[in-house]
Amino acid sequence: MDIEVRLSKTHGFGVFALRDFKPGEVVIAWNTSVRLSHEQAEYVADAEKVYLHPYDAHSYVLVQPPERYVNHSCAHNTEVIDFCDIAVRQISIGEEILSNYETDGAGLSFMCNCGSLHCRGAIGAKKTSEISP
Ligand SMILES: [Zn+2]
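Remember, it's a predicted structure, so these values are computed and weren't measured experimentally.

Draft legend 1. Main features of the sheet that holds strand E9 (residues 84-87). Reading across from one edge, E3-E9-E8 is the order of the three strands in this open sheet, with antiparallel pairing throughout. In the strand order of this sheet, the two ends are held by strand E3 (26-29) and strand E8 (78-81), each with one partner. Each strand axis lies, on average, 25 degrees off the axis of its neighbour in the sheet, ignoring direction.

Next up, the structure:
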């Protein structure tokens, strides 16, 4: 195990590094086996809807644990590329794995309180009109 899920100071559960990662290393390769059509996605429970991530033009992937527990931070240390969380800088053992929801393609809008010096506040708010067709 390279990572573990435990309670986070950021938000609920978080994902933490159990070893060091170098920039460019895959921290988590997502399990993309649970895919739903846009129609099926309407029946997903509201609490689960935040875990829907666009897969292709016709479907979503329902993001599974542990990757669903990766929190957002404006001082993120990973980015989502091809359904993997990839380290964008050196990550040390014990650090929380943090993603940038603004560029991960999921289109979530929320108020961020990650506490980083460069916190951008309203995440995704400006992009809502660009995301919906
Ligand atoms: Zn923030």
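Draft legend 2. Highlighting the layout of surface pockets. Roughly 650 Å³ of internal volume is contained in the largest pocket. Forming the walls of the largest pocket are 29 residues, and the residues nearest its centre are Val70, Asn71, His72, Tyr101 and Leu108. Of all the secondary structure elements, the ones that give two or more residues to the lining of the largest pocket are strand E5 (52-54), strand E7 (71-72) and strand E11 (110-111). Of the residues in the lining of the largest pocket, the class split is 16 nonpolar, nine polar and four charged.

Draft legend 3. Just the side chain of Asp85, in detail. For Asp85, the location among the structural elements is in strand E9. Arg68 is the oppositely charged side chain nearest to the buried, salt-bridge-free Asp85, at an N-O distance of 11 Å. Apart from the residues within four sequence positions on either side, Asp85 is in contact with Glu25, Val26, Val27, Ile28, Trp30, Glu67, Val70, Thr78, Glu79, Val80 and Ser99.

Thresholds, definitions, all that
Residues numbered from 1 in each chain as written. Predicted model: local features only at pLDDT ≥ 70, side-chain atom pairs only at ≥ 80, totals over all residues. Heavy atoms only, no water. Pairing = 2+ DSSP bridges. Helix = DSSP H or I, 4+ residues; strand = E, 2+ residues; numbered from the N terminus. Axes fitted to C-alpha atoms, helices over the stretch in contact; angles between N-to-C directions. 1 Å grid on protein atoms, 1.4 Å probe; cavity = no way out; pocket = protein on both sides within 12 Å on 5 of 7 lines; lining within 4 Å. Points joined across faces, edges and corners; volume = space filled by probe spheres on them. Nonpolar A, V, L, I, M, F, W, Y, C, P; charged D, E, K, R; others polar. Buried < 20%, exposed > 50% of the residue type's maximum accessible area, 1.4 Å probe, protein only. Lys, Arg positive; Asp, Glu negative; His and termini not counted. Salt bridge = Lys/Arg side-chain N within 4 Å of Asp/Glu carboxyl O. Contact = heavy atoms within 4.5 Å.

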